[in-house]
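Chain and residue survey
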Amino acid sequence: LLNYGVFFLLQGFICGFSIATGAAARLLSGYDSYGNICGQKNVKVEGIVNSGLDLTHKKYVFFLDPCNIDLVHQRIKSLALCVSACPRKELKTLADIQKFAETNGSTLCSYELQSSEYTTDPRAAKLCPRYPVPESAPIPFFHRCAPVNISCYAKFAEALITFVSDSSVLHRLISGVMTSKEIIMGLCLLSLVLSMILMVIIRYISRVLVWILTILVILGSLGGTGVLWWLYAKQQISASGLETQIAKDNLQALLIYAIAATVFTVILFLIMLIMRKRVALTIALFHVAGKVFIHLPLLVFQPFWTFFVLILFWTYWIAVLLFLGTTGSPVPNEEGFVEFRMVGPLKYMWWYHVVGLIWISEFILACQQMTVAGAVVTYYFTREKRNLPFTPILASVNRLVCYHLGTVAKGSFIITLVKIPRMILIYIHTQLKGKENACARCMLKACICCLWCLEKCLTYLNQNAYTATAINSTNFCTSAKDAFVILVENALRVAAINTVGDFMLFLGKVLIVCSTGLAGIMLLNYQRDYTIWVLPLIIVCLFAFLVAHCFLSIYEMVVDVLFLCFAIDTKYNDGSPGREFYMDKVLMEFVENSRKSMKETGRAGGAEGRELKPM
């Protein structure tokens with residue numbers, strides 16, 4: 001915890017250093033190509049003309065050629081000046097630029113030219129903006145004049161989106177998103193509402209939830225696939241030689257979606273056919289988890305506050321990163337303009353800042369896991385549920401802050417140690433793309449895959465270690481060892497419970513995505529003649545999956561905590577007087593039924609059956 005505190009203080013030092021060196025003022029107010037900060041008096045930079053000016057009344061940064069974008073360094077490669085007002089209409093000639101300067105008092109040419117010399121001085125061709133000057137408006141809070149028509153940034157967007165080879169395709173995709181933005185927002189809200197409804201259903205009808213989910217997913221998959229093929233057939237029949245390019249794109253997208261939905265439905269049916277005998281075993285565990293949510297309703301809101309805290313931290317992190325991008329000492333570049341660069345060891349501060357992003361984000365997520373684990377442990381090991389604390393969630397947060405912050409810091413640090421090498425390898429693989437040989441590429445991908453698997457295993461072990469800490473109040477390493485031993489001793493039960501339980505929660509996510517996607521298909525279908533809706537539908541489905549994952553991951557966490565509590569309960573208690581079980585009867589029936597089922601399947605080989613000892 002002390003190490004984490006020192007690390008956190010150094011993060012604050014980076015923020016304070018960037019602000020103290022003027023980076024905040026340069027970021028928010030903007031600066032010109034001569035190192036002058038707009039809207040204030042400036043200090044002379046040695047060797048730079050036009051530096052040290054009093055620009056108190058010139059508060060906006062204006063780029064002479066805002067569409068000249070350096071794709072390599074991803075920045076605007078243009079002379080920047082401080083002006084008193086952005087041109088709110090298009091200026092087509094030097095005479096228009098001169099008239100704008102005389103009318104608004106905002107000179108858009110370099111400082112050494114007077115407005116009266118714009119049309120007579122031959123230097124105006126280099127020192128004045130490239131015309132026609134596009135209509136622009138100041139960016140809120142950042143005082144930069146940005147063109148109102150962003151078409152000149154299309155080349156930059158095409159460079160970032162490498163899979164688009166035709167700029168017309170990119171323009172149609174972007175126009176489709178902009179035209180359908182109200183529908184996209186409505187469908188995103190629908191996915192949020194559906195996730196909340198599913199959480200309520202899990203709480204109150206957990207006994208029949210598994211069968212309801214199974215039936216709805218089957219109907220949803222068949223219905224979605226059928227609707228896609230129906231729409232494809234309908235549009236193909238009504239197609240004519242005069243149809244637009246957008247209609248052709250939509251027809252091709254419908255065919256791809258229909259084929260993908262058909263393949264997905266077949267695979268889903270095969271998986272459900274294989275797991276049909278184990279579906280009934282999940283009902284009891286879901287029932288117990290439903291009881292937890294009835295007694296601890298605040299668990300539903302855990303994704304909200306975690307997401308809120310993460311958003312606050314990410315906003316702070318991005319702001320400091322921008323500060324670091326504008327901090328440093330003024331240095332003349334090869335073009336004779338000013339750039340701000342850090343020299344010496346300070347130029348590596350952004351690496352430390354990136355590590356902070358990973359560690360602190362993992363720390364916040366680990367705090368959520370510890371809070372949920374503490375609340376569920378309190379519920380499980382309280383024999384009389386009416387004696388539960390008034391707010392077990394707040395009691396768990398209090399224990400976390402008072403006793404377990406070091407445990408959470410250590411667990412998140414271990415994940416960080418694995419995540420950083422994986423990100424470095426991904427960066428190296430990206431930089432060497434197309435340059436390395438096949439053997440090196442294969443080795444890099446294998447290392448990245450191994451580190452990803454290790455990260456997932458450690459994340460699962462950390463979550464169970466937090467549960468063991470909440471039960472026994474032991475340190476992280478002791479809790480991780482105890483949790484690992486318990487999981488190994490109950491390997492078959494872990495496989496049975498987690499496989500079926502996670503699969504059913506996955507079906508819940510599929511249900512939300514299918515429902516949102518089906519609604520999106522029906523709504524966007526009315527715009528098929530003038531809007532290409534491939535990208536809007538992908539955006540909606542991705543958002544629906546993320547929302548469903550955030551909500552149902554809490555349910556998955558509760559199931560995992562309940563199982564570890566049960567395993568520890570059966571290890572140290574046998575039901576005799578003085579050593580009574582804490583578990584719910586329904587959970588005991590679930591595990592007993594699972595044990596009997598696996599015994600029956602293991603009789604042929606005998607090996608697995610001998611591993612299942614009676615409780």
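Going by the annotation in an unreviewed UniProt entry, the name recorded for the protein chain is Choline transporter-like protein, with Sclerurus mexicanus given as the source organism. The UniProt entry for the protein chain carries this comment under Sequence similarities (unreviewed entry): "Belongs to the CTL (choline transporter-like) family." The UniProt entry for the protein chain carries the following comment under Function (unreviewed entry): "Choline transporter."

To continue, consider empty space enclosed by the protein. Taken as a whole and judged by the stated rule, the model has 3 cavities of 30 Å³ or more. For the largest cavity, the calculated volume is near 50 Å³. At the level of elements, strand S1 (60–63) and strand S6 (145–147) are the ones that each hand at least two residues to the lining of the largest cavity. Here the element with the most residues in the lining of the largest cavity is S6; it accounts for 3 residues.

To continue, consider the packing of helix H11 (residues 302–326) against helix H12 (residues 349–380). Two elements in contact, H11 and H12, have axes whose closest approach is 11 Å; the angle formed by their N-to-C orientations is 170°. Taken together, the axes of H11 and H12 are roughly antiparallel relative to one another.

What follows deals with the environment of threonine 327. For threonine 327, the location among the structural elements is in the loop between H11 and strand S7 (329–332). Counting along the chain gives 303 residues from threonine 327 to alanine 24, while the straight-line C-alpha distance between them is 8.2 Å.

Turning to a nonpolar patch on the surface, a few remarks are in order. On the surface, a cluster of nonpolar side chains totalling about 560 Å² of accessible area is made up of Leu28, Ile139, Phe141, Phe142, Ile318 and Leu322. Assignment of secondary structure puts leucine 322 in helix H11. Of the residues examined, leucine 322 reaches a relative accessible area of 39% and is grouped as partly exposed.

Attention shifts here to the state of the cysteines. Here the structure, examined in full by the defined rule, presents 3 disulfides. Each sulfur in the disulfide pair cysteine 38 and cysteine 82 lies 1.9 Å from the other. One disulfide, between cysteine 38 and cysteine 82, carries an S-S torsion of -80° and so falls in the left-handed class. Of this pair, cysteine 38 sits in the loop between helix H2 (23–29) and S1 while cysteine 82 is found in strand S4 (residues 80–83), placing the two residues 44 residues apart along the sequence. Cysteine 442 provides the cysteine sulfur closest to cysteine 439, a residue in no disulfide bond, and the two sulfurs are 6.9 Å apart.

Following the criterion strictly, the structure yields 15 aromatic pairs and no others. Seen from their ring centres, phenylalanine 293 and tyrosine 555 are 5.1 Å apart, and the 5° between their planes marks the pair as stacked. Placement of phenylalanine 293 in helix H10 (residues 276–295) and of tyrosine 555 in helix H17 (residues 534–572) is noted, with a sequence separation of 262 residues between them. Exposure remark for tyrosine 555: the relative accessible area of 0% places this residue in the buried category. Relative to phenylalanine 304, the ring of phenylalanine 301 lies with its centre 6.2 Å away and its plane at 40°, an arrangement referred to as tilted. For phenylalanine 304, a relative accessible area of 38% corresponds to the partly exposed category. Each residue in the set Tyr4, Phe7, Phe8, Tyr352, Trp359, Phe363 and Phe413 is aromatic and connected to the rest through ring pairs, giving one cluster.

A word on the nonpolar core. Core analysis: the largest hydrophobic core is formed by 47 residues, its most contacted members being Val292, Phe293, Leu299, Val376, Tyr555, Val558 and Leu562. Breaking this core down by element, the ones donating at least two residues are helix H7 (181–204), helix H9 (245–274), H10, H12, helix H16 (491–524), H17 and helix H18 (585–602). Sorting elements by how many residues they give to this core places H17 first, with 13 residues. Aside from chain neighbours lying at most four places away, what touches valine 376 is Val292, Leu296, Leu299, Val558, Val561 and Leu562. Counting residues in hydrophobic clusters, the runner-up holds 32 residues, among them Cys38, Leu94, Cys128 and Val133.

Within the element layout of this structure, phenylalanine 363 appears in helix H12. The class for phenylalanine 363 is buried, based on a relative accessible area of 11%. Linking phenylalanine 363 and serine 412, residues 49 residues apart in sequence, is a C-alpha distance of 5.2 Å. Apart from residues no more than four positions distant in its own chain, phenylalanine 363 is found in contact with Tyr4, Leu405, Val408, Ala409 and Ser412.

Turning next to the side chain of serine 51. Relative to the assigned elements, serine 51 resides in the loop between H2 and S1. For serine 51, a relative accessible area of 5% translates into the label buried. Not counting the four nearest positions on each side in its chain, serine 51 is found in contact with Tyr34, Asn36, Lys44 and Val45.

This structure, assessed with the given rule, holds 5 salt bridges. A salt bridge links aspartate 121 to arginine 123, with the nearest nitrogen and oxygen atoms 3.1 Å apart. Classification of aspartate 121 by relative accessible area gives buried; the value is 17%. A relative accessible area of 41% places arginine 123 in the partly exposed class. The partner of lysine 419 in a salt bridge is glutamate 362, and the shortest N-O contact between them spans 3.6 Å. Taken together, the residues span a long stretch of sequence, with lysine 419 in helix H13 (residues 392–431) and glutamate 362 in helix H12 at a distance of 57 residues. When salt bridges that share partners are traced, they join Glu362, Lys419, Arg422 and Glu455 into one network.

Turning to unusual backbone geometry, a few remarks are in order. Notably, asparagine 50 is not glycine yet its phi reads approximately 65°, a positive angle. Positionally, asparagine 50 belongs in the loop between H2 and S1. With phi around 55°, serine 473 is a residue other than glycine that occupies positive phi space. Inspection of the secondary structure puts serine 473 in the loop between helix H14 (438–472) and helix H15 (476–489).

It is a general feature of regular strands that their side chains alternate between the two faces of the sheet. Side chains Ala80 and Cys82 of S4 all project onto a buried face; the interleaved residues Leu81 and Val83 project onto the opposite face, where all are buried too. Bridging between S1 and S4 involves 4 bridges; their strand directions are antiparallel. Looking at S4, one finds that phenylalanine 62 is bridged to leucine 81.

We now examine H11. Think of an α-helix as turning once every 3.6 residues; residues three or four places apart then point the same way. End to end, H11 covers 37 Å across 25 residues, agreeing with the expected 36 Å (1.5 Å per residue, within 8%). Listed as buried for H11 are Gln302, Pro303, Thr306, Leu310, Phe313, Trp317, Val320, Phe323, Leu324 and Thr326. One or two positions beyond H11, positive phi appears at glycine 328, with a value near 110°.

Rules used throughout
Residues numbered from 1 in each chain as written. Predicted model: local features only at pLDDT ≥ 70, side-chain atom pairs only at ≥ 80, totals over all residues. Heavy atoms only, no water. UniProt positions renumbered as here; feature names shortened; annotations may be inferred. 1 Å grid on protein atoms, 1.4 Å probe; cavity = no way out; pocket = protein on both sides within 12 Å on 5 of 7 lines; lining within 4 Å. Points joined across faces, edges and corners; volume = space filled by probe spheres on them. Helix = DSSP H or I, 4+ residues; strand = E, 2+ residues; numbered from the N terminus. Axes fitted to C-alpha atoms, helices over the stretch in contact; angles between N-to-C directions. Parallel < 35°, antiparallel > 145°, perpendicular 65-115°, else oblique. Patch = residues over 30% accessible without salt bridge, like charges linked within 9 Å, V, L, I, M, F, W, Y side chains within 5 Å. Areas by Shrake-Rupley, 256 points an atom, 1.4 Å probe, with all protein chains shown as cover. Salt bridge = Lys/Arg side-chain N within 4 Å of Asp/Glu carboxyl O. Buried < 20%, exposed > 50% of the residue type's maximum accessible area, 1.4 Å probe, protein only. Disulfide = S-S within 2.5 Å. Phe/Tyr/Trp six-rings, centres within 6.5 Å; stacked < 30°, edge-to-face > 60°. Core = buried A, V, L, I, M, F, W, Y, C linked by side-chain atoms within 4.5 Å. Contact = heavy atoms within 4.5 Å. Pairing = 2+ DSSP bridges. Expected span 1.5 Å × (residues − 1).

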